[in-house]
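Residue-level structural notes
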Amino acid sequence: MRPDPIIKQAGVNDSEQRLVKLCAGTFLELWSYPNVFRSQHANGDPEGKEVCDLVVVFGDRLLVFSDKRCELKLKGDLDVDWRRWFRRAVRGAEKQLRGAERWLTNSPESIFLDRQCEQPMPFDLSQIDAKKTHRIVVASGASASIRDWSNGDWPGLVLFTPLKDDHHDRQRPQLRDADSDDWKNFILRFPEDWNHLGNTLPFMIGDISTEDPFVHVFDERAIEILLQELDTMQDFVEYLDQRAAIIRNETFTLAPSEEDLLAFYLRSFNDEKLHYFPFDGPQEIKLIPNGEWDDFVASGLQQDRRSQNESSYAWDKLIETFSLGILDGSSPAYELAEFSEQELAVRAMARESRLQRRGLVEAFKGLLSDPDQKNLMARTCDRRDYGFATFIFVIVRPEEGEGKEDYTVRRHAICVAYMLEAKRKLAPNGEVVVITTEPLDFQNFRSEHVFYRNAEPLTESEYEPVRPIIEELNILKSTIVTSHLPLSEYSSEAVATFNFGNLDLPCDCGRGRRRRNCCYQLDILFPEGNSPIGRQL
């Protein structure tokens, strides 16, 4: 039976609506839910109370957003103005996040999508893993004042990892290793102003609650750039995981902006060709250069990365096609599977990173454009080495005079046979996803369907009914050609053009460190006599 459509909220104000739009683009519609409520019926109140501004539920992962817009007004006492803004925008949002997490994990049955508490959350929230929960504060309203105060040097909130807990709004920290050469060089950039800043370090954010699970704090500019550049669940949460670790462990010292830190991340790859923060350990002061993001954009790497990824958005559109049918109740699969079963299929697709989606699209398009068009064609993408599903793309040509209904039944049987044979031969302990459509040159009708088999072992009773089809069509009997996914995020031309290898040479100061982690960063971050704090005070 087809369910009623799932109706979601749209955000209360402009700031929330902007966040809703960004998250829908990154996490896609099926997993992103604005303005969820908790029931107060037990207290006699017919209306629910809003829990948080936006929730993303993705299997055992939970992302909770609190968007607080509070204008930072600098009225003359910088210390007081900053503390007031921080407590309202950041501490207020943190309080909402902690409460929302408790309700979502401890009382999931009381969570609803509407204020009248008539439409429950469509997911089983009991699956949420606390270790995979991300708490995200979007603190808006300070960026313009920070840019004006720093004469444009700082576009928004500054990341400064020595700040912990009450250092943000009560008492600035005693500097670790204050007698070291590193700290002396760092503090020299502020002349005497460091000791004249009052009780706080304005505009700087570190680990706001070290005794509790980590909370990410972004301003409106930072969250927009992050969700545009890391626009899949896999890419975004990987960045959040690494970001939380380097801030909590204090493995770097300062980044003038979130986008500078992001650029540093997007330019760095480990031995497995994955992005990471190439910091050696917590013993050195490490400063992300001011202007790192501007250099990343000006170099052409950002545009090159976007151009390389352009084709991958066909995968997003395919996910959204299936998702919207699930959300509005129009999915034909409701005749066979409930919401939770269909969501597993598209979630397997949405787990892929942007780079991986690019490779999957190339494999699917390659099959569709194969000049040797046959009545039945298939291509396999074996993703088990990455911990993901095995994908089978199947193209079935309608027979002469075959109507859509008869064709759909026949194609369904063929795709189930592919799915179960792939499960038996390729992924006995993994997931299998089959995606099917008609050849491009067939125009009478168009349809795309997805089939999913979970990681549970295949049973004989499940396999036996499709054995005749497998044998008749020789499904997966010939040599299996597994499609290889792209190994490089950037084009070879862009990598060759953007040469920064000289930053890995020993620094001229003679301390034996690479220039990237030594005077190069200090000189770019605060050129001699050009400290933004010094200019203002």
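About the criteria used
Residues numbered from 1 in each chain as written. Predicted model: local features only at pLDDT ≥ 70, side-chain atom pairs only at ≥ 80, totals over all residues. Heavy atoms only, no water. Helix = DSSP H or I, 4+ residues; strand = E, 2+ residues; numbered from the N terminus. Buried < 20%, exposed > 50% of the residue type's maximum accessible area, 1.4 Å probe, protein only. Contact = heavy atoms within 4.5 Å. Areas by Shrake-Rupley, 256 points an atom, 1.4 Å probe, with all protein chains shown as cover. Phe/Tyr/Trp six-rings, centres within 6.5 Å; stacked < 30°, edge-to-face > 60°. Pairing = 2+ DSSP bridges. Axes fitted to C-alpha atoms, helices over the stretch in contact; angles between N-to-C directions. Core = buried A, V, L, I, M, F, W, Y, C linked by side-chain atoms within 4.5 Å. Polar contact = N/O pair within 3.5 Å; in protein donor to acceptor, adjacent residues only side chain to side chain. Salt bridge = Lys/Arg side-chain N within 4 Å of Asp/Glu carboxyl O. Parallel < 35°, antiparallel > 145°, perpendicular 65-115°, else oblique. Nonpolar A, V, L, I, M, F, W, Y, C, P; charged D, E, K, R; others polar. pLDDT = per-residue confidence, 0-100.

**Side note on the overall build of the protein chain**
Secondary structure summary: the protein chain contains 18 helices and 13 strands in total. By residue count, 55% of the 537 residues in the protein chain fall in the buried class. For the protein chain, the proportion of contacts with a sequence separation of at least 24, taken over those separated by at least 6, is 73%. Here the protein chain has roughly 24200 Å² of accessible surface; of this, 47% comes from carbon and sulfur atoms.

**Let's talk about the packing of aromatic side chains**
In total, this model carries 20 aromatic pairs according to the counting rule given. Ring centres of F27 and F65 lie 6.3 Å apart, and the angle between their planes is 50°; on these two criteria the pair is classed as tilted. Of this pair, F27 sits in helix 1 (residues 14–27) while F65 sits in strand 3 (residues 61–69); the two residues are 38 residues apart in sequence, bridging distant segments of the chain. On the basis of relative accessibility, which here comes to 0%, the residue F65 falls in the buried class. Ring centres of F442 and F445 lie 5.0 Å apart, and the angle between their planes is 75°; on these two criteria the pair is classed as edge-to-face. Note on accessibility: F442 and F445 belong to one class, buried. One aromatic cluster is present, formed by W82, W85, F86, W149, W154 and F203 through successive ring pairs.

**Brief notes about the sheet that holds strand 13 (residues 449–453)**
Two modes of strand pairing occur in sheets, parallel and antiparallel, and in both the strands are linked by backbone hydrogen bonds. Taking strand neighbours across the sheet as the criterion, the four strands line up as 10-11-12-13 in an open arrangement whose pairing is mixed. Because the sheet does not close on itself, it has two edges, and the strands there are strand 10 (376–381) and strand 13. Each strand of the sheet is rotated relative to its neighbour by a mean of 15°, with strand direction disregarded. In terms of strand pairing, strand 10 meets strand 11 (residues 390–396) through six bridges, oriented antiparallel. Bridge pairing links R379 to F393 in strand 11. Against the sheet, helix 13 (residues 404–425) contacts strand 10, strand 11, strand 12 (432–437) and strand 13, and its axis sits at roughly 35° relative to strand 13.

**Quick notes on the nonpolar core**
Ranked by internal contacts, the top residues of the largest apolar core, which has 122 residues, are W31, F65, W85, F236, F391 and F393. Top element by residues in this core is helix 2 (residues 78–106). It accounts for ten residues. The contact partners of F65, leaving out residues within four places of it in the chain, are L19, C23, F27, C52, D53, L54, V56, L97, I136, V138, I223 and F236. A417, L426, V432 and V434 belong to the second-largest nonpolar core, a separate cluster that totals 24 residues.

**Remarks on the environment of L261**
Within the fold, L261 resides in helix 7 (residues 258–266). The residues contacting L261, other than those within four sequence positions of it, are L159, Y239, R243, I246, F252, A255, F277 and I288.

**A closer look at unusual backbone geometry**
At C117, a position not held by glycine, the phi torsion is positive, near 55°. With respect to the helices, strands and loops of the structure, C117 is situated in the loop between strand 4 (111–112) and strand 5 (133–140). Under the relative-accessibility criterion, C117 is labelled buried at 7%. A positive phi is found at L476, a non-glycine position, where the angle reads about 55°. By relative accessible area, which is 10% here, L476 ends up buried.

**As for the environment of R446**
When you line up the elements, R446 lands in the loop between strand 12 and strand 13. Taking the C-alpha atoms as reference points, R446 and K404, separated by 42 residues in sequence, lie 9.3 Å from one another. Here the side chain of R446 touches T437 through a polar contact of 3.3 Å, side chain to side chain. One polar contact links the side chain of R446 to the main-chain carbonyl oxygen of E438, over a distance of 3.1 Å.

**Points about the side chain of R98**
Here R98 shows up in helix 2. Residue classification places R98 among the buried positions, given a relative accessible area of 13%. With sequence-adjacent residues up to four places away left out, R98 is seen in contact with R135, S209, D212, P213 and V215.

**Focus: the pattern of salt bridges**
Evaluation of the coordinates by the stated rule reveals 34 salt bridges. Connected through salt bridges with shared partners, the residues E229, R305, R306 and E489 form a single ionic network.

**Some details on the side chain of R351**
The topology assignment puts R351 in the loop between helix 11 (339–350) and helix 12 (354–368). R351 sits in the buried class, given a relative accessible area of 19%. A polar side-chain atom of R351 sits 2.3 Å from a polar atom in the side chain of E431. When near neighbours in sequence (up to four residues on either side) are disregarded, R351 contacts F58, Q234, F388, A389 and E431.

**Here we look at the packing of helix 6 (residues 233–248) against helix 7**
Where helix 6 contacts helix 7, the axes come no closer than 12 Å and their chain directions differ by 110°. As judged from the angle between their axes, helix 6 and helix 7 are roughly perpendicular. Every residue of helix 7 that contacts helix 6 at E238, Y239, Q242, R243 and I246 is listed here: E258, L261, L262 and Y265. Grouping the constituent residues of the contact of helix 6 with helix 7 by class yields five nonpolar, one polar and three charged.

**Looking at helix 5 (residues 220–229)**
Counted residue by residue, helix 5 has seven buried out of ten residues, so it is predominantly covered. Listed in full, the buried residues belonging to helix 5 are E220, A222, I223, I225, L226, L227 and E229. The N-capping residue of helix 5, defined by a side-chain oxygen 3.3 Å from the backbone nitrogen of R221, is D219.

**Considerations on the confidence of the model for the protein chain**
Confidence in the prediction for the protein chain averages 84 pLDDT; 84% of positions are at 70 or higher. In the model, residues 187–194 has pLDDT below 50 throughout and makes 19 contacts with residues more than four positions away in sequence or in other chains. Counting contacts from residues 520–537, a segment whose pLDDT is below 50, to residues more than four positions away or on other chains yields 53 contacts.

**Here's the deal with the packing of helix 10 (residues 313–328) against helix 11**
The relative placement of two packed helices comes down to the angle between their axes together with the axis-to-axis distance. Where helix 10 meets helix 11, the axes come as close as 10 Å, and the angle between the chain directions of the two elements is 170°. The angle between the axes of helix 10 and helix 11 places the two elements in the roughly antiparallel class. Across the interface between the two elements, W315, L318, I319, F322, S323 and I326 of helix 10 pack against F339, Q342, E343, V346, M349 and A350 of helix 11. Looking at the contact of helix 10 with helix 11 residue by residue, the classes come out as nine nonpolar, two polar and one charged.

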